[in-house]
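Below are the chains, spelled out letter by letter.
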Amino acid sequence: MANEVIGAVGVGLILFAFLLNLFRRLSERHPAYLLLNAIGAGMACWYAWIGGTLPFVILEGVWCLAALVQLVMVKRSAPVETGAR
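Residues numbered from 1 in each chain as written. Predicted model: local features only at pLDDT ≥ 70, side-chain atom pairs only at ≥ 80, totals over all residues. Heavy atoms only, no water.

Chemist: Explain the environment of V57 to me, and be specific about the residues and the numbers.
Modeler: Note on placement: V57 falls in helix α3 (residues 54–77). Residues V57 and V74 lie 17 residues apart in sequence; the distance between their C-alpha atoms is 25 Å. With sequence-adjacent residues up to four places away left out, V57 is seen in contact with C45, A48 and W49. (Helix = DSSP H or I, 4+ residues; strand = E, 2+ residues; numbered from the N terminus. Contact = heavy atoms within 4.5 Å.)

See below:
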């Protein structure tokens with residue numbers, strides 16, 4: 001049961017970030033958007049690992065890593081954005 005909660009929260013965070021971006025509340029370069037994606041993808045990756053679904057481990061692992069790399073790049077390059085463009 002706990003595994004399903006972790007997986008559900010993970011994909012929920014990814015979907016929440018997507019909806020915030022879709023409705024122009026957060027840009028794809030906003031640190032909160034990137035952090036939601038990184039945490040959500042990390043949780044979903046862990047859930048996929050526990051479930052033994054390697055394709056989704058790869059998908060979510062790469063998604064998490066890409067969000068973290070982008071977060072570092074954004075933090076190094078510019079002040080925080082307040083919303084979508």
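Still more to cover.
Chemist: Lay out the nonpolar core in plain terms, naming residues and giving numbers.
Modeler: Grouped together as the largest cluster of nonpolar side chains are eight residues: A17, L20, L26, Y33, L34, L36, L71 and V74. Among the secondary structure elements, those contributing two or more residues to this core are α1 (2–22), α2 (31–51) and α3. With three residues, α2 is the largest single contributor of residues to this core. If near-sequence neighbours (up to four positions away) are discounted, Y33 is found in contact with A17, F18, N21, L26, S27 and E28. (Core = buried A, V, L, I, M, F, W, Y, C linked by side-chain atoms within 4.5 Å. Buried < 20%, exposed > 50% of the residue type's maximum accessible area, 1.4 Å probe, protein only.)

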